[in-house]
Amino acid sequence: MKKLLAILLVTVLAVVLVACGGDDTTTPKTETTTTPKTETTTAPDTTTAPKTDTTTIPDTDVTTEPKTDGEDLIADYDCFDMLDSDTLSLVMFEDFHVDLDYNVALVVKLNANGGIYSDFFLTTYDEESGEANGYTINDAYKHVIVVDGVAIEISRITLAHYTDNGWVRFDLGAEFSFENYEYDADGYHNYAIEWKVYDEESKLAYFADLTQFNPDGKYPHLKPQKKELVPDPDVPQGVEKVSNNLITLISAPTVTNGESADNLFDNDVSTKLCTGKNGKEEAIVIGFASPQSIIGISLVNGNDNDPYHGRTLVDFEIYVSEDGNTWKETPDFVSVAPEGLDKSTISGNYTENYYGFGKTLTGSYIMLVSNNGETYQMSELIFYAG
């Protein structure tokens, strides 16, 4: 298999998601600090190609075509990065992308080997600056994903695009559901998955058995749990959440992935803010319908803080204002990650992390400044009034 088997365990260490990771280390500060919870609850990111309904290819048995009719993307090109060294997996399912209408997507990570990625997915450039500004899907090819013997013609693909490599998300369509498959008592179903690529003459040009390295040649998938907030037991008794109906988003980091700050106040943990923009110029500013006395705040993790622990926001500042225009030079509250914090202990998906201010902050506007130093994400932002 060329270099692939020799680099399986090394490659997974370099995988960085998408769309929306990095060094989890933090720098201690001297301001007031809070210690995040050590408990964690685990649970099971962009321009899109033209959107049409995903359909099964009619009158075509792609599962029985001789593989000699095309080139093997794995053996001949070694263009895949391993996603999970434990299961030797080249694939994973995701169901949280707004640009795919939250349909289930099959995801692979392609590297630059052989130029395959650059052939399938074409980088677009700004006419004036010459800088890369996006991508298009090469319509000379038709992509088909075969799941447990059933062929699905892919009509929508989105990317986390890095010119000659990237994450590829195949939309399996609105009708694809994990409910249509039998999962065992431990919550697993073992999927056999192939990728077939046809040229303009409808001939098989490339193929890949995406589960050939998995045990028994199948991808063991844990059925996702219901998406619901996992409460923080340290939220004080008797406090009340400020209703989202009383909150107006004034300003926030601008994103292009659909994962914007509006999602922080929709009472839905399946949506989120995901951004790499930190600092005061990229602060989240909200206004209350009337002055509120706030004693604490909760940052609720998104769908994949686990395994992307670096996205869990711990270092941040809170400022309070009466008019939304005048702010103090120094923050009213500072949270700093304790030295040596293992973020995995507070990065359970959809888990609430509560931070008490140790005092009451009263005002009509609040500004949250993130100091994560890298991409961070939250599904909900909750204010607690005493």
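Here the structure is shown first, and the text comes after it.
Residues numbered from 1 in each chain as written. Predicted model: local features only at pLDDT ≥ 70, side-chain atom pairs only at ≥ 80, totals over all residues. Heavy atoms only, no water.

Focus on the overall build of the chain
We count it as follows: Only runs of H or I of at least four residues qualify as helices and only runs of E of at least two qualify as strands under DSSP, and these elements are numbered from the N terminus. Burial classes: relative accessible area under 20% of the type maximum marks a residue as buried, over 50% as exposed, and values in between as partly exposed (1.4 Å probe, protein chains only). Here the Shrake-Rupley method, with its probe set to 1.4 Å, supplies the accessible areas, and only the displayed protein chains count as covering residues.
Tallying secondary structure elements over the chain gives two helices and 22 strands in all. In the chain, which comprises 386 residues, the share counted as buried stands at 52%. Total accessible area on the chain is roughly 17,600 Å²; 47% of this is exposed by carbon and sulfur atoms.

Remarks on the sheet that holds strand β3 (residues 105–110)
We count it as follows: The rule for pairing is simple: two strands pair if DSSP sees at least two bridges between them. Interaxial angle, 0 to 180 degrees, is taken between N-to-C directions of lines fitted to C-alpha atoms, where a helix line uses only the stretch in contact.
Read from one edge of the open sheet, four strands run β2-β3-β9-β8, paired in antiparallel fashion. Taken across any chain shown, the strands that pair with only one partner, and hence form the sheet edges, are β2 (92–94) and β8 (157–161). With strand direction ignored, the average angle separating the axes of adjacent strands in the sheet is 30°. Here five bridges tie β8 to strand β9 (residues 166–171), and the two strands are oriented antiparallel to one another. Within β9, the residue paired with isoleucine 157 across the bridge is phenylalanine 170.

Overview of empty space enclosed by the protein
To keep it simple, the criterion reads: Here a cavity is any set of points on a 1 Å grid over the protein atoms alone where a 1.4 Å probe fits but cannot get out, and a pocket is any open set with protein on both sides within 12 Å along at least 5 of 7 lines; a residue lines the site when it has an atom within 4 Å of a point. Grid points are joined across faces, edges and corners, and a volume is the space filled by probe spheres set on the points. Amino acids outside the nonpolar list (Ala, Val, Leu, Ile, Met, Phe, Trp, Tyr, Cys, Pro) and the charged list (Asp, Glu, Lys, Arg) are all regarded as polar, and Gly is one of them.
A volume near 40 Å³ is recorded for the largest cavity. In terms of lining residues, the largest cavity is bounded by Phe96, Val98, Tyr102, Gly258, Glu259, Asn263, Ser270, Thr271 and Lys272. Split into classes, the residues belonging to the lining of the largest cavity amount to three nonpolar, four polar and two charged. Size it by volume and the second largest cavity reaches roughly 40 Å³. Contributing to the lining of the second largest cavity are Leu299, Val300, Asn301, Thr312, Leu313, Asn353, Tyr355, Gln377 and Met378. Sorting the residues of the lining of the second largest cavity by element identifies β17 (284–300), β20 (352–370) and β21 (376–378) as the ones contributing at least two each.

Brief notes about the nonpolar core
Side chains of a nonpolar character, in soluble globular proteins, are inclined to be buried together. Inclusion rule: Nonpolar core, defined: a set of buried Ala, Val, Leu, Ile, Met, Phe, Trp, Tyr and Cys residues in which side-chain atoms within 4.5 Å join the residues together.
Leu73, Phe80, Phe93 and Trp195 are the most contacted members of the largest nonpolar core, which has 51 residues in total. Elements represented by at least two residues in this core include exactly β2, β3, α2 (116–120), β6 (142–147), β8, β9, β11 (193–198) and β12 (204–209). Core analysis: the next-biggest nonpolar cluster, separate from the first, contains 30 residues, Ile284, Ile286, Phe288 and Met378 among them.

Quick word on the pattern of salt bridges
Rules: Whenever Lys or Arg places a side-chain nitrogen within 4 Å of a carboxyl oxygen from Asp or Glu, that contact is recorded as a salt bridge.
With the rule as written, the count across this model stands at 10 salt bridges. The residue lysine 223 makes a salt bridge to glutamate 179 at a minimum N-O spacing of 3.1 Å. With lysine 223 in the loop between β13 (219–222) and β14 (240–241) and glutamate 179 in the loop between β9 and β10 (188–191), this residue pair connects regions lying 44 residues apart in the sequence. Residue class for lysine 223 comes out partly exposed when judged on its relative accessible area of 27%.

A few points about the packing of aromatic side chains
The cut-off we apply is this: Put simply, two rings from Phe, Tyr or Trp (the six-membered ring, in Trp's case) pair if the centres are within 6.5 Å, and we call them stacked under 30 degrees between planes, edge-to-face over 60, tilted for the rest.
One pass over the structure, following the stated rule, counts 22 aromatic pairs. For the ring pair phenylalanine 120 and tyrosine 141, a centre distance of 5.1 Å and an interplane angle of 70° mean the geometry is edge-to-face. Separated by 21 residues along the polypeptide, phenylalanine 120 in helix α2 and tyrosine 141 in the loop between β5 (132–137) and β6 bring together distant segments of the chain. Summarising the burial analysis for this pair, phenylalanine 120 and tyrosine 141 share the class buried. Both rings, one in tyrosine 183 and one in tyrosine 191, keep their centres 6.3 Å apart while their planes meet at 65°; by these two values the pair is edge-to-face. The two residues tyrosine 183 and tyrosine 191 agree in class, both being buried.

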